[in-house]
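Architecture and fold: a report
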Amino acid sequence: MSLNTMTIVQAEKAMAAGEISAVELTASCLKQIEAVDGRLSAFITVDEEGALGQAREADARRKRGEARPLCGIPVSIKDVLCVKGMGATCGSKILEHFIAPYDAAVIEKLKAAGAVILGKVAMDEFAMGSTSETCAFGVPENPWLAGHVAGGSSGGSAVSVAASEALASLGSDTGGSIRQPASLCGVTGMKPTYGRVSRYGLIAYASSLDQVGPLCRDTADTALLLQAICGHDRRDSTSMEMPVPDFTAALTDGMKGARIGVPKEYFAEGLDEEVAAVARRGIEALAKAGAEIVDISLPHMPYCVAVYYLLATAEASSNLARFDGVHYGFRADGCQSLIDVYEKSRSQGFGAEVKRRILLGTYALSAGYYDAYYKKASQVRTLIQEDFTAAFKQCDALISPVTTSPAWPFGSGQDDPLALYLSDILTISANLAGIPAMSVPGGFSGTGLPIGIQLQAGHFNEEILLKTAHNLERELGIGWRPAPVA
Amino acid sequence: MNITRDEVLHVATLARLSMTEEELAAMTARLDALLGYFDLLQAVNTEGVAPTTHPFAKAGALRDDAPLSSLPVADALANAPAATTEFFVVPRVL
């Protein structure tokens, strides 16, 4: 077995037994990046020297008997998170020369655990997109089928894990940006509960929705990486003081006593046949494992795309006001006045989709339109949350598809933003409700593209997600499969 | 029409974004289509429904008002396109 295709659990076992070293494991990932990333474009920055240095340190720690979980495990980091001394472009020209002056909270935790940071991976500009095609520094390609999107916005994260360049990755999820690329690339991704993981050092898109989370090769690895990044942080005022359970302990066999809900709105017209079939096989698998299957309705689901795009763009218009040509590296040439600095730097630095969302959000918040758009959307958000609260009185977790179709060819959504926005319909309500949600590999399309299954649970109930995902893996016999790249 | 060229231009000015006439026309058409779609929310009865701004009421908690160390000035200025040893530099305002 090549070292770079190992799961975290396998690699830790092999390192603990002295069969492999962190340096060998890291070198194997770097070699794979060298071999395939020219075509796949998952990475924006590769820190070969830094990674090997961290791997040597990890080996030394292990020798001293001080290895903690993740010690020596090579990971990639979405370019929306700050890693001190490295670029953090957010996929945008406006941050091309920005060097992060500090570590994000989750990076502090990974470094403390001894994880090896291979580099920073591609994403849609400011995490605004569903295909990673708006990335200003190379567009990641789906490693399962050439010419197809990796999904987004954490497309580089999903590709780096699927294509055996990194054992795991950290991404961010505002409306599905971890779960959707995980589904399209055949890896496991989790958006934890809002408030579970600190966003300190995460470049903000929509602050009432953003959450950092893991993309991994299977459920056991997801439990380990989640364990490492959770916990209260006073530097993020939305971080919640909640006990962090032992997530690996949740991975028990059998679903007896669990009630799994099937929300009918997630199986509505327009859903791809093969995607629906995979979800149905997942439902059967959980029933076979002993779960009780119950029908659920989330009646306000048809409004979630409209609510999301009004609230997310409104928050984005405010968050992205800080990119003004004064603080973060880029300033347009030939500016005569301060207004000139703002206008020229922003106009030259932001791409078309980011400008569209800033304008939409500014409009929704502007005088005369606030009640009709922002306030109305905030009220419907309450109704969507109440739907979920009612649902989780009837069941422990929900099962559904993640996306309406498998990965699609590059360029297909560019002329119709609304069609692309609507493709997010199955993932965004979890962000609106603040609940944890997960994408687990479920099967493949006839063309060989991966198809995921989505699980959602009540606030701070990541354990039932992990348990259900673990049982899906067992029953479906679909664990980690490396994408067929050289 | 849900939004006009002049309204987009006004909003662009508020957001400090400049556009060519061609970009403005394309942006107006796209925003018009999106706002048209958002109209479906008007069908939802939200009378008496409190708006949600955060998933939890507890989110947004304030910490104690005690001074803590922050990013050193030199580090904060390191990414500035123009700076002195203490300040960000912008074109003359007054």
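Before reading further, recall that the structure is shown in the block above.
Let me begin by describing the structure that accompanies this report. (Residues numbered from 1 in each chain as written. Chains lettered and ligands numbered in written order. Predicted model: local features only at pLDDT ≥ 70, side-chain atom pairs only at ≥ 80, totals over all residues. Heavy atoms only, no water.)

**Notes on the overall build of chain A**
On a plain count of helices and strands, chain A comes out with 15 helices and 11 strands. In terms of overall size, chain A behaves like a compact globule, its C-alpha atoms giving a radius of gyration of 21 Å where 486 residues would be expected to give roughly 23 Å. Expressed as a percentage of its 486 residues, the buried residues of chain A come to 67%. Across chain A, every contact between residues at least 6 apart in sequence was considered, and the portion connecting residues at least 24 apart equals 76%. Counting 42 positive and 54 negative side-chain charges, chain A places the centres of these two groups 4 Å from one another. (Helix = DSSP H or I, 4+ residues; strand = E, 2+ residues; numbered from the N terminus. Rg over C-alpha atoms; globule rule 2.2 N^0.38 Å. Buried < 20%, exposed > 50% of the residue type's maximum accessible area, 1.4 Å probe, protein only. Contact = heavy atoms within 4.5 Å. Lys, Arg positive; Asp, Glu negative; His and termini not counted. Charge placed at Lys NZ, Arg CZ, Asp CG, Glu CD.)

**Considerations on the overall build of chain B**
Counting its secondary structure elements, chain B contains three helices and zero strands. For chain B, the α and β elements follow one another from N to C terminus as α-α-α. Here the C-alpha atoms of chain B give a radius of gyration of 22 Å, more than 25% beyond the 12 Å that 2.2 N^0.38 yields for 94 residues. Along the longest, intermediate and shortest principal axes, the C-alpha atoms of chain B span 55 × 45 × 25 Å. Burial statistics for chain B: of 94 residues in total, 29% are counted as buried. Contacts spanning at least 24 positions in sequence make up 31% of the contacts within chain B whose residues lie at least 6 apart. Taken as a whole, chain B presents about 6200 Å² of accessible surface, with 57% of it coming from carbon and sulfur. Counting 6 positive and 12 negative side-chain charges, chain B places the centres of these two groups 6 Å from one another. (Areas by Shrake-Rupley, 256 points an atom, 1.4 Å probe, with all protein chains shown as cover.)

**Some remarks on the interface of chain B and chain A**
Residue-level contacts link 49 residues of chain B with 68 residues of chain A. Of the roughly 5300 Å² buried between chain B and chain A on both sides combined, carbon and sulfur atoms contribute 69%. The tally of links from chain B across to chain A stands at zero salt bridges. There are 15 residue pairs in polar contact (both at pLDDT 80 or more) connecting chain B and chain A. Going through the elements one at a time, helix H1 (5-14) and helix H2 (21-38) of chain B are the ones with two or more residues in the side of chain B that touches chain A. Split by residue class, the side of chain B that touches chain A holds 34 nonpolar, 10 polar and five charged. (Buried area = accessible area lost by both parts, 1.4 Å probe. Salt bridge = Lys/Arg side-chain N within 4 Å of Asp/Glu carboxyl O. Polar contact = N/O pair within 3.5 Å; in protein donor to acceptor, adjacent residues only side chain to side chain. Nonpolar A, V, L, I, M, F, W, Y, C, P; charged D, E, K, R; others polar.)

**Here's the deal with the nonpolar core**
Among the nonpolar cores identified, the biggest contains 179 residues, and Phe126(A) and Phe38(B) are the most heavily contacted of them. At 11 residues, helix H9 (residues 304-319) of chain A tops the list of elements feeding residues into this core. Residues in contact with Phe126(A), not counting those within four places in the same chain, are Cys90(A), Ser92(A), Ile94(A), Leu95(A), Ile203(A), Tyr205(A), Leu320(A), Phe323(A), Phe350(A) and Val354(A). (Core = buried A, V, L, I, M, F, W, Y, C linked by side-chain atoms within 4.5 Å.)

**Examining the packing of H1(B) against H2(B)**
All names here are of chain B. Viewed as axis vectors pointing N to C, H1 and H2 meet at an angle of 105 degrees, and their least axial separation amounts to 9 Å. As judged from the angle between their axes, H1 and H2 are roughly perpendicular. Across from Arg5, Val8 and Leu9 in H1, the residues of H2 making contact are Glu21, Leu24, Met27, Thr28 and Leu31. Here the residues of the contact of H1 with H2 sort into five nonpolar, one polar and two charged. (Axes fitted to C-alpha atoms, helices over the stretch in contact; angles between N-to-C directions. Parallel < 35°, antiparallel > 145°, perpendicular 65-115°, else oblique.)

**Topic: the sheet that holds strand E3 (residues 116-121) of chain A**
All names here are of chain A. In space, the 11 strands of this open sheet follow the order E1-E3-E2-E4-E6-E5-E10-E11-E9-E7-E8, with mixed pairing throughout. The sheet terminates laterally at strand E1 (43-46) and strand E8 (292-296), the two strands that pair on one side only. Sheet twist, expressed as the mean angle between neighbouring strand axes with direction ignored, is 30 degrees. Strand contacts of helix H7 (residues 219-229): strand E4 (168-173), strand E5 (188-191), strand E6 (211-216) and strand E10 (437-444), with the helix running at about 145 degrees to E6, the strand carrying the most contacts. Contacting strand E7 (259-263), E8, strand E9 (397-401) and strand E11 (450-457), helix H12 (residues 371-394) crosses the sheet at an angle of about 150 degrees to E8. (Pairing = 2+ DSSP bridges.)

**Here we look at helix H4 (residues 105-113) of chain A**
All names here are of chain A. Ala105, Val106, Ile107, Leu110 and Ala113 are the residues of H4 that are buried. On the buried face of H4, the contacting elements are helix H3 (48-63), strand E2 (74-78), E3, E4, E6 and H7. Phi for Gly114, located one or two positions after H4, is positive at around 95 degrees.

**Some details on helix H8 (residues 273-288) of chain A**
Residue and element names in this part refer to chain A. Compared with an ideal rise of 1.5 Å per residue, which puts 16 residues at 22 Å, H8 spans 22 Å between its outermost C-alpha atoms and is within 8% of the ideal. Of all the positions in H8, only Val275, Ala276, Val278, Ala279, Gly282, Ile283, Ala285 and Leu286 are classed as buried. Two to three positions downstream of the cap, the backbone nitrogen of Glu274 sits 2.9 Å from a side-chain oxygen, assigning the N-cap of H8 to Asp272. Positive phi appears at Gly290, one or two residues downstream of H8, with a value of about 110 degrees. (Expected span 1.5 Å × (residues − 1).)

**Considering the pattern of salt bridges**
Residue and element names in this part refer to chain A. Scanning the model with the defined rule gives 17 salt bridges over all chains in all. Ionic pairing is found between Asp79 and Lys120, a salt bridge with its closest N-O pair at 2.9 Å. Of the two residues, Asp79 sits in the loop between E2 and H4 while Lys120 sits in strand E3, which places them 41 residues apart along the sequence. We note that Asp79, like Lys120, is buried. For the salt bridge of Arg235 with Glu108, the shortest nitrogen-to-oxygen distance reads 2.8 Å. Separated by 127 residues along the polypeptide, Arg235 in the loop between H7 and E7 and Glu108 in helix H4 bring together distant segments of the chain. A relative accessible area of 38% means that Arg235 is categorised as partly exposed. Relative accessible area serves as the criterion here: at 33%, Glu108 is assigned to the partly exposed category. Several salt bridges converge on common partners, so that one network encompasses Glu57, Arg64 and Glu66.

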